[in-house]
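A structural walkthrough
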Amino acid sequence: MNNQPIGIFDSGVGGLSVLREIRALLPAEDLVYIADSAHVPYGNKSPSYIEARARVLSEFLIGEGVKAIVVACNTATAAAVASLRADFAVPIVGMEPAVKPAVSASRNGVVGVLATVGTLASAKFAALLERYQGDAKIIVQPCPGLVEQVELGDLTGAHTRMLVHRFVTPLIDRGADTLVLGCTHYPFLRDLIQAEAGADVTLVDTGQAVARQLVRKLTAMDGLCEARVGGEQFWTSGEAAALAKALSVLWSADKPMQRLPLRYC
Ligand code: DGL
């Protein structure tokens, strides 16, 4: 048994879509979440920049005494998970676009992947494509600008709808019957994406699978906490006030965000 908290980070608020799945499976655990908002979006940054940020955030979380770290970001996982695992002793759970379940779910063998430029350009994603592209036609669509809309807490506005239309239409036009939400920000746009894609199209994301993997890791090391009600702490490298709106839309209104100490910003 281990009552230490679990650390989770993302470039911004997208990882809250993973946090809610973790909370659903692990109601007793204390969760420490970091939005690296001073550096969002990661999707247009170099792998070395993202790796440096992932390292800084992991160091902060280790300082907070976490027993495991979840990289709640596809882009950061692609850029940094291997080096984090090499350098930090705690278990590190990463994530990748849900190509495998999407290929299984597809009825017509055409799968579209919505993700950041960085994720789609990564060697990790190239390896994933290589593995599954014999089983289905996989079409990729980078979505620059979408993360920024979720960061603003704008899930339904005209600009957000225009971007969703621009990114989803080409995939549907090419016959995709299954779409992968390959960035943790996109599950917050699920309704909009579903409406644009049509009711027959299946949407798949990785949040639940990540939460299950975390449970497996903690169980294997006898690392689950005792029965109690867990709490959440929210940290940001950006302006706490600026994120309050997004947090109130995406999580709950009464949860304050704290600013990270300067050396982690
Ligand atoms: N939410 C992240 C992901 O899953 C990063 C998005 C970004 O900052 O560009 O890829």
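Overview of the structure. (Residues numbered from 1 in each chain as written. Predicted model: local features only at pLDDT ≥ 70, side-chain atom pairs only at ≥ 80, totals over all residues. Heavy atoms only, no water.)

Now for the overall build of the protein chain. The number of helices and strands found in the protein chain is 11 helices and 10 strands. In terms of overall dimensions, the protein chain is globule-like: its C-alpha atoms have a radius of gyration of 18 Å, near the 18 Å expected for 265 residues. Overall, the C-alpha framework of the protein chain stretches about 50 × 40 × 35 Å when taken along its three principal axes. Per-residue burial for the protein chain yields a buried fraction of 54% across its 265 residues. Look at the contacts in the protein chain between residues 6 or more apart in sequence, and 76% of them connect residues 24 or more apart. A total of about 10,900 Å² of accessible surface is found on the protein chain, and carbon and sulfur atoms cover 55% of it. Separation between the mean location of the 24 positive side-chain charges and that of the 26 negative ones in the protein chain comes to 2 Å. (Helix = DSSP H or I, 4+ residues; strand = E, 2+ residues; numbered from the N terminus. Rg over C-alpha atoms; globule rule 2.2 N^0.38 Å. Buried < 20%, exposed > 50% of the residue type's maximum accessible area, 1.4 Å probe, protein only. Contact = heavy atoms within 4.5 Å. Areas by Shrake-Rupley, 256 points an atom, 1.4 Å probe, with all protein chains shown as cover. Lys, Arg positive; Asp, Glu negative; His and termini not counted. Charge placed at Lys NZ, Arg CZ, Asp CG, Glu CD.)

It is worth spelling out the nonpolar core at this point. Counting 51 residues, the largest nonpolar core has Val70, Leu114, Leu179 and Ile193 as its most contacted members. At 5 residues, helix H8 (residues 158-173) tops the list of elements feeding residues into this core. Core analysis: the next-biggest nonpolar cluster, separate from the first, contains 23 residues, Ile34, Val66, Ala76 and Ala80 among them. (Core = buried A, V, L, I, M, F, W, Y, C linked by side-chain atoms within 4.5 Å.)

So, on to the site of the ligand. Contacts to the ligand come from 14 residues, most closely from Ser11, Tyr42, Gly43, Thr75 and His185. Within the backbone of Asn74, an N or O atom sits 2.8 Å from an oxygen atom of the ligand. The side chain of Thr75 places a nitrogen or oxygen atom 2.5 Å from an oxygen atom of the ligand. Protein contact buries 99% of the 300 Å² of open area that the ligand shows by itself. In this structure the site holding the ligand corresponds to the largest cavity. (Near = heavy atom within 4 Å. Polar contact = N/O pair within 3.5 Å; in protein donor to acceptor, adjacent residues only side chain to side chain. 1 Å grid on protein atoms, 1.4 Å probe; cavity = no way out; pocket = protein on both sides within 12 Å on 5 of 7 lines; lining within 4 Å. Sits in = over half its atoms within 2 Å of the grid points.)

Its volume calculated, the largest pocket comes out at about 500 Å³. Where the lining of the largest pocket is concerned, the elements lending two or more residues are helix H3 (74-87), strand S4 (92-93), helix H4 (99-105), helix H6 (123-132) and helix H10 (207-220). Per-element accounting of the lining of the largest pocket gives the leading share, 6 residues, to H10. In this model, the second largest pocket occupies a volume close to 170 Å³. (Points joined across faces, edges and corners; volume = space filled by probe spheres on them.)

Closest axis-to-axis distance for the H8/helix H9 (residues 190-197) pair is 9 Å, and the angle between their directions is 45°. Comparing their axes, H9 and H8 come out oblique. Between H8 and H9 the crossing geometry is right-handed. For the pair formed by H8 and H9, the contact residues are Thr160, Arg161, Val164, His165, Val168, Thr169 and Ile172 on the first element and Leu192, Ile193, Glu196 and Ala197 on the second. Of the residues assigned to the contact of H8 with H9, the class counts are 6 nonpolar, 3 polar and 2 charged. (Axes fitted to C-alpha atoms, helices over the stretch in contact; angles between N-to-C directions. Parallel < 35°, antiparallel > 145°, perpendicular 65-115°, else oblique. Left-handed = near helix turned anticlockwise from the far one by under 90°. Nonpolar A, V, L, I, M, F, W, Y, C, P; charged D, E, K, R; others polar.)

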